[in-house]
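# Report on the structure
If you want the building blocks of each chain, they are given just below.
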6 protein chains.
Amino acid sequence: MPFIKIELTREGVTREQKQQLIKGITDLFTDILNKDPQLTHISIQEVELDNWGYAGEQVSVLRERGITADKK
Amino acid sequence: MPFIKIELTREGVTREQKQQLIKGITDLFTDILNKDPQLTHISIQEVELDNWGYAGEQVSVLRERGITADKK
Amino acid sequence: MPFIKIELTREGVTREQKQQLIKGITDLFTDILNKDPQLTHISIQEVELDNWGYAGEQVSVLRERGITADKK
Amino acid sequence: MPFIKIELTREGVTREQKQQLIKGITDLFTDILNKDPQLTHISIQEVELDNWGYAGEQVSVLRERGITADKK
Amino acid sequence: MPFIKIELTREGVTREQKQQLIKGITDLFTDILNKDPQLTHISIQEVELDNWGYAGEQVSVLRERGITADKK
Amino acid sequence: MPFIKIELTREGVTREQKQQLIKGITDLFTDILNKDPQLTHISIQEVELDNWGYAGEQVSVLRERGITADKK
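Basis of the calculations
- Residues numbered from 1 in each chain as written.
- Chains lettered and ligands numbered in written order.
- Predicted model: local features only at pLDDT ≥ 70, side-chain atom pairs only at ≥ 80, totals over all residues.
- Heavy atoms only, no water.
- Pairing = 2+ DSSP bridges.
- Helix = DSSP H or I, 4+ residues; strand = E, 2+ residues; numbered from the N terminus.
- Buried < 20%, exposed > 50% of the residue type's maximum accessible area, 1.4 Å probe, protein only.
- Expected span 1.5 Å × (residues − 1).
- Contact = heavy atoms within 4.5 Å.
- UniProt positions renumbered as here; feature names shortened; annotations may be inferred.
- Least-squares fit on C-alpha atoms with pLDDT ≥ 70 in both.
- Buried area = accessible area lost by both parts, 1.4 Å probe.
- Salt bridge = Lys/Arg side-chain N within 4 Å of Asp/Glu carboxyl O.
- Polar contact = N/O pair within 3.5 Å; in protein donor to acceptor, adjacent residues only side chain to side chain.
- Nonpolar A, V, L, I, M, F, W, Y, C, P; charged D, E, K, R; others polar.
- Axes fitted to C-alpha atoms, helices over the stretch in contact; angles between N-to-C directions.
- Parallel < 35°, antiparallel > 145°, perpendicular 65-115°, else oblique.
- Left-handed = near helix turned anticlockwise from the far one by under 90°.
- 1 Å grid on protein atoms, 1.4 Å probe; cavity = no way out; pocket = protein on both sides within 12 Å on 5 of 7 lines; lining within 4 Å.
- Points joined across faces, edges and corners; volume = space filled by probe spheres on them.

Attention now moves to the sheet that holds strand S2 (residues 41-47) of chain A. Read across the open sheet, the eight strands follow the order S4(B)-S3(B)-S2(A)-S1(A)-S1(E)-S2(E)-S3(F)-S4(F); overall the sheet is mixed. Strand pairing shows two members of the sheet lacking a second neighbour, strand S4 (57-58) of chain B together with strand S4 (57-58) of chain F, which therefore form its edges. Pairing geometry for strand S3 (residues 52-54) of chain B and S4(B), over two bridges, is antiparallel. When the bridges of S4(B) are listed, B:Tyr54 appears paired with B:Glu57.

Right, let's get into the pairing of S2(A). As a general feature of sheets, a regular strand has side chains that alternate between the two faces. Residue and element names in this part refer to chain A. Within S2, seven of the seven residues are buried, which leaves the element mostly enclosed by the surrounding structure. Side chains His-41, Ser-43, Gln-45 and Val-47 of S2 all project onto a buried face; the interleaved residues Ile-42, Ile-44 and Glu-46 project onto the opposite face, where all are buried too. Alignment of strand S1 (residues 3-9) against S2, held across seven bridges, turns out to be parallel. Within S2, the position partnered with Glu-7 by the bridge is Gln-45.

This part is about helix H1 (residues 15-33) of chain E. It helps to recall that an α-helix has 3.6 residues per turn; residues three or four apart then point in one direction. Taking 1.5 Å as the rise per residue, H1(E) with 19 residues should run 27 Å; its terminal C-alpha atoms sit 27 Å apart, in good agreement. Here H1(E) has its buried residues at E:Lys18, E:Gln19, E:Leu21, E:Ile22, E:Gly24, E:Ile25, E:Thr26, E:Leu28, E:Phe29, E:Thr30, E:Ile32 and E:Leu33. On its buried face, H1(E) is in contact with S1 and helix H1 (15-33) of chain A, strand S1 (3-9) and strand S2 (41-47) of chain E together with strand S3 (52-54) and S4 of chain F. At the C-terminal side of H1(E), E:Asn34 shows a positive phi close to 60°.

The positions that UniProt labels "domain: 4-oxalocrotonate tautomerase-like" (unreviewed entry) are, in the present scheme, residues 2-60 of chain A. What you have in residues 2-60 of chain A is 36% helix and 32% strand, and the ends, taken at the C-alpha atoms, are 32 Å apart.

Glancing now at the relation of the copies chain D and chain F. Take chain D, turn it by 180°, move it 0.0 Å along the axis, and it overlays chain F with an RMSD of 0.0 Å. Such values leave the two copies arranged in the relation of a two-fold axis. Ranked by how close their C-alpha atoms come to the rotation axis, the residues of chain D are headed by D:Lys5, at 2.6 Å. A symmetric contact is evident, with 100% of the interface residues of chain D recurring at the interface of chain F.

With that out of the way, let us pick up the interface of chain D and chain F. How big an interface is tends to be stated in terms of accessible area lost as the parts join. Each partner contributes to the interface: chain D provides 36 residues, whereas chain F provides 36 residues. Together, the buried faces of chain D and chain F total about 3100 Å²; carbon and sulfur atoms form 70% of this surface. Interface area lost by chain D to chain F is led by D:Met1, D:Ile32 and D:Lys71, which between them contribute 22%. Across the contact surface, chain D and chain F share four salt bridges. In this structure, D:Asp36 engages F:Lys72 in a salt bridge whose closest nitrogen and oxygen atoms are separated by 3.6 Å. There are nine residue pairs in polar contact (both at pLDDT 80 or more) connecting chain D and chain F. For the side of chain D that touches chain F, the element with the most residues is helix H1 (residues 15-33) of chain D, which contributes 10 residues. The class makeup of the residues in the side of chain D that touches chain F is 20 nonpolar, seven polar and nine charged. Bridge analysis of strand S1 (residues 3-9) of chain D against strand S1 (residues 3-9) of chain F gives five bridges, and the strand direction is antiparallel. Bridge assignment links D:Glu7 to a residue of S1(F), and that residue is F:Phe3.

Viewed as axis vectors pointing N to C, H1(A) and H1(E) meet at an angle of 160°, and their least axial separation amounts to 10 Å. On the basis of the axis angle, H1(A) is roughly antiparallel to H1(E). Our pair here, H1(A) against H1(E), has a crossing hand that is right-handed. For the pair H1(A) and H1(E), the contacting residues are A:Gln17, A:Gln20, A:Leu21, A:Gly24, A:Ile25, A:Leu28, A:Phe29, A:Ile32 and A:Leu33 in the first and E:Gln17, E:Gln20, E:Leu21, E:Gly24, E:Ile25, E:Leu28, E:Phe29, E:Ile32 and E:Leu33 in the second.

Before going further, it helps to spend a moment on the sheet that holds strand S4 (residues 57-58) of chain C. Across the sheet, which stays open at both edges, the eight strands sit in the order S4(A)-S3(A)-S2(D)-S1(D)-S1(F)-S2(F)-S3(C)-S4(C) with mixed pairing between neighbours. Edge strands, defined here as strands with exactly one partner in the open sheet, are strand S4 (57-58) of chain A together with S4 of chain C.

The tally for this structure, following the rule as stated, stands at three cavities of 30 Å³ or more. Estimated volume of the largest cavity: approximately 310 Å³. Those elements that place two or more of their residues in the lining of the largest cavity are S1 of chain A, strand S1 (3-9) of chain B, strand S1 (3-9) of chain C, S1 of chain D, S1 of chain E together with S1 of chain F. Looking at the lining of the largest cavity residue by residue, the class counts come to six nonpolar, no polar and 12 charged.

This part covers the UniProt feature "active site" (unreviewed entry) in chain A. UniProt feature "active site" (unreviewed entry): in the numbering of this structure it lies at A:Pro2. You can see A:Pro2 is positioned in the segment before S1. Residues in contact with A:Pro2, not counting those within four places in the same chain, are A:Phe29, A:Lys35, A:Leu39, A:Thr40, A:His41, E:Glu7, E:Leu8 and E:Trp52.

Okay, the arrangement of the chains next. Between chain C and chain D there is no contact, and the shortest C-alpha to C-alpha distance separating them is 11 Å. Of all C-alpha pairs spanning chain B and chain E, none lies closer than 11 Å, and the two are not in contact.

With an RMSD of 0.0 Å, the operation that places chain E on chain A is a rotation of 180° combined with a shift of 0.0 Å along the axis. Looking at the interface residues of chain E, 100% of them are also at the interface in chain A, so both copies use one shared face.

Here's what the structure looks like:
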């Protein structure tokens, strides 16, 4: 009975990437905890950049300054 | 002081149905736990079908295959 | 595919009352939205009175003053 | 490592007000708990008035009756 | 900036299994979305069996009947 | 009608600090958005160190290595 809620900034995640996340996370719960996939639900919430704060700043402002969330 | 958060797929829930859910759930907390309705808040979040995963699949894909969430 | 998260103060809700809430809310989603109960999950989180704030005060302090969440 | 999730009705909160909330809340966690702001994330979710229930009513209905959430 | 919240029933998940979930999910966000792991936070909430409802029943009751969440 | 949910690691936050957070956040919503404090609810959830992941690691492991969340 896991329910997984993902919140992330709305920055162009594609339908295929969402499917990869859903498949990958569901598989982790089956592989690690032997959970029946029929009981695993996942909800993805994309948050506008004005509505996410990090280090006291709106992410929309951070992006304007060229600061990304990309892996270096 | 209950706060109730509902997440469900965005599939045409009407304004009237939302009102029925809000009234029904608030009444349950008053009837069962004697809670003051003035302290009961409910938030309904409708999630796009691409953003809900079930059994490792996007619900949008399940719906294309004719698999619904309807009671049989 | 509804997921319902309930947060309320930890004030002696019994096992039977939790079952009544679970049954009542699941039935509402079936009755109003025709949802398959096999797809309805509910999680109840009981919050310590020091950890819930209302009107700028900890609920533990409000309770010491005799202010309850009971329906009048 | 705090994560703060704000849910409020969608009623015209401006970009500047969101920034004030983000800055103010992040500062509270630094001032009170000495938290590194780089570890404080905040997500603001604006909820449609039909989707918020209070005292058994949709907020959209309450607003039509002239009942607001303003401080008196 | 993803934040991932996991809710699952409290049924003996070990420290090592939690670490595997944390590592696995963080890696998925890096592999699929190129997210900096320093910006990925995960919170796991284990829910008592009396406090999780599925199909209108408490999970504690389902377990007493021998119904598990195991993959068949 | 704001509801604010705080998740943070369980690391000895005192009752007084919780009260300061509750008062400070409630005041921000009144000062910035003119919200009636009677409609502002806050829930604080303290998460065990084994149950919080950051950068792919359990926080309990990070703490054993001397890595804190303190502001430098």
